[in-house]
Amino acid sequence: MWSALVMSESEYEYEFHLAEIELEFYNYPMILIYLKDVWLTPYKEKFVSAWTNRCMHFGNTTTNRAESQHANLKLQLRTSQGNFESTIHNLLECQFTAIKSTLEKSLNVVQHRFRTSYFEELRGFVSEQALQKILEEMDWAKIVGLDIQACRCIVRLVHGLPCVHEISLYAHEKWPIPLSSVDHFWKKLDFKPSELLEDDGLNFIQNTRGRPSLRKKDKPTRRDPSAFEYVEASLKTSYVPHRHSCSSIGIGSSTISRRGRPVPSPIYVNQFPLILRRYVVNVIDVTADGNCGFRAIAGLLGLQGGEFDWSSVRRDLIEKDCWMNIPDMGHLIASRYNIILHLISDVQSLTFLPLRSIPPPHAEHRAIIIGYVNGNHFVQVFMSGNYPMPPIMIQWFSYKYDCATAWATPYKKHLRDYEKLVHSINVPQSIVDITSD
């Protein structure tokens, strides 16, 4: 949990993981006070990625390199036959040889994975570490694409390298990645003294390295924008895709953590019970047209048309036009599709089980989760892990067939866990009518 907090890539993600820690250590207030007062409140801007990723540091965020060399020096002093000066000289010589070997490898050795046309302008001109970082961004670009908002340009800001949406544009236009898109830091492959370089005209970052401009005020030297800059400018104004799409038909409401875990939007997650928020990995919105409940169910069931197949769900459940309301339709949905249905909201959270069917083997059980938000809207929710299970709707015990009793058997522990957490934070549970928009 602490590692996830430190690696948070946005302030919301930081708050999300902090809430997880607060819930986990709810019964240990002194630990929370220590973490907040001693570390987070005064120093979070110094070590949490959400803040450290706002400046160009090329991945150097700790002093571990200096500390490791300090330890190495002490080790050499214990075993070396020479004096203090010769020991330091030998250490520096070893470092020089290792660095020179790395630079020579970047200049002269091309690994197979970098032999694509995208790297043709970079091979032999930038370090191998930079190529590897770009390759990782290329994999990420397959998911994010041209979405500038989802990209967040972290690699551009932190490492001075092409970020996801830049790489996606180069790939879309079938251009090689230009050498000019790489910061000069990665092009230094020798031990010659560095020279002050003129500004390269890139407009992705401003004043991140403190390098003064050499342009004369009385003689404009600004070049004409490149084709890439023209296209990117048009993308920023005309192309605004959804931040995260799980498929071609879903409208996502989450950002994607660069470590692969979706971080759900606070607009919806904050309307779910506190004890369940840590388990929510994604929330997918649906069209709010009065049929959002049917749309959410259609998407969660994985129907071929996704949420747009909502009319078939309504035909399965009811004969006349009306809005979906929970809890009235909860058992109807669970029984019709032979699934477990969870409803979660800040008003109530319930579990609905089939009323009349013999349950399949536990491994074949299927659960879907629908969220009720804004007082009038349903969304699709996805949770991971062995999440605590909201209480079973009380009418199930009165109206279920005997053959359906075993539906609840595998989940007794999950139900008890939820009950314990509810009592620990005094969250009231009540049954109220919920109707979609």
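Small disclaimer: the values here were computed from a predicted structure and weren't measured.

Chemist: Explain the side chain of Arg-156 here, please?
Modeler: In this fold, Arg-156 is placed in helix α9 (residues 154–159). The class of Arg-156 is buried, set by a relative accessible area of 4%. Within polar-contact distance, the side chain of Arg-156 engages the backbone oxygen of Ser-181 at 2.8 Å.

Chemist: Looking at this structure, how should I read helix α15 (residues 310–317)?
Modeler: The periodicity of an α-helix, 3.6 residues per turn, causes residues three or four places apart in sequence to face the same way. Trp-310, Ser-312, Val-313, Arg-314 and Leu-317 are the residues of α15 that are buried. In this structure, the buried side of α15 is in contact with α14 (292–301) and α16 (330–337).

Chemist: Please explain a nonpolar patch on the surface as it appears in this structure.
Modeler: A contiguous nonpolar patch, built from Trp-2, Tyr-34, Val-38, Trp-39 and Tyr-43 and spanning about 500 Å² of accessible area, is present on the exposed surface. By the element assignment, Val-38 lies in helix α3 (residues 29–47).

Chemist: What is the right way to look at the packing of α15 against α16 in this model?
Modeler: One way to put it is that α15 packs onto α16 with a least axis distance of 10 Å and a crossing angle of 100°. When the interaxial angle is binned, α15 and α16 end up roughly perpendicular. On the side of α15, the interface is formed by Ser-312, Val-313, Asp-316 and Leu-317, while α16 contributes Leu-332, Ile-333, Arg-336 and Tyr-337. Of the residues that constitute the contact of α15 with α16, the class distribution is 5 nonpolar, 1 polar and 2 charged.

Chemist: When you look at the pattern of salt bridges in this model, what are you seeing that I'm missing?
Modeler: Should the charged atoms of two oppositely charged side chains come close, the side chains can pair. Applying the stated criterion across every chain, the model contains 10 salt bridges. Between Arg-278 and Glu-24 there is a salt bridge, and its shortest N-O distance comes to 2.6 Å. One end of the pair, Arg-278, is in the loop between α13 (274–277) and β4 (280–285); the other, Glu-24, is in helix α2 (residues 11–24), with 254 residues separating them in the sequence. Classification of Arg-278 by relative accessible area gives partly exposed; the value is 24%. Taking the relative accessible area as the measure of exposure, Glu-24 reaches 41% and is therefore partly exposed.

Chemist: Just to check I follow, could you spell out the packing of aromatic side chains for this structure?
Modeler: Taken as a whole and assessed by the stated rule, the structure comprises 9 aromatic pairs. For the ring pair Tyr-170 and Trp-175, a centre distance of 6.4 Å and an interplane angle of 50° mean the geometry is tilted. By way of ring pairs, the aromatic residues Phe-58, Phe-185 and Trp-186 are connected into one cluster. Its guanidinium or amino end placed over the ring of Trp-51, Lys-44 lies 5.5 Å from that ring's centre, counting from NZ or CZ.

Chemist: Any chance you could explain unusual backbone geometry here in plain terms?
Modeler: When glycine is set aside, most residues are seen to have a negative phi, and most peptide bonds are trans. Unusually for a residue other than glycine, Asn-338 sits at a positive phi of about 55°. Take Asn-338: it is sitting in the loop between α16 and β6 (340–344). Phi is positive for Asn-374, which is not a glycine, with a value near 60°. Within the secondary structure layout, Asn-374 lies in the loop between β8 (367–373) and β9 (377–383).

Chemist: How do you make sense of the packing of helix α7 (residues 128–144) against helix α10 (residues 164–173) when you look at a structure like this?
Modeler: For any two helices packed against each other, the geometry is given by the interaxial angle and the distance between the axes. Orientation of α7 relative to α10, taken along the N-to-C sense of each, is 80°, at an axis distance of 8 Å. Between α7 and α10, the angle falls in the class roughly perpendicular. Note on element contacts: α10 touches α7 through Val-164, Ile-167 and Ser-168, opposite Ile-134, Glu-137, Met-138, Trp-140, Ala-141 and Val-144. The residue inventory of the contact of α7 with α10, partitioned by class, reads 7 nonpolar, 1 polar and 1 charged.

Reading the values: the criteria
Residues numbered from 1 in each chain as written. Predicted model: local features only at pLDDT ≥ 70, side-chain atom pairs only at ≥ 80, totals over all residues. Heavy atoms only, no water. Helix = DSSP H or I, 4+ residues; strand = E, 2+ residues; numbered from the N terminus. Buried < 20%, exposed > 50% of the residue type's maximum accessible area, 1.4 Å probe, protein only. Polar contact = N/O pair within 3.5 Å; in protein donor to acceptor, adjacent residues only side chain to side chain. Contact = heavy atoms within 4.5 Å. Patch = residues over 30% accessible without salt bridge, like charges linked within 9 Å, V, L, I, M, F, W, Y side chains within 5 Å. Areas by Shrake-Rupley, 256 points an atom, 1.4 Å probe, with all protein chains shown as cover. Salt bridge = Lys/Arg side-chain N within 4 Å of Asp/Glu carboxyl O. Axes fitted to C-alpha atoms, helices over the stretch in contact; angles between N-to-C directions. Parallel < 35°, antiparallel > 145°, perpendicular 65-115°, else oblique. Nonpolar A, V, L, I, M, F, W, Y, C, P; charged D, E, K, R; others polar. Phe/Tyr/Trp six-rings, centres within 6.5 Å; stacked < 30°, edge-to-face > 60°. Lys NZ or Arg CZ within 6 Å of the ring centre and 35° of its normal.

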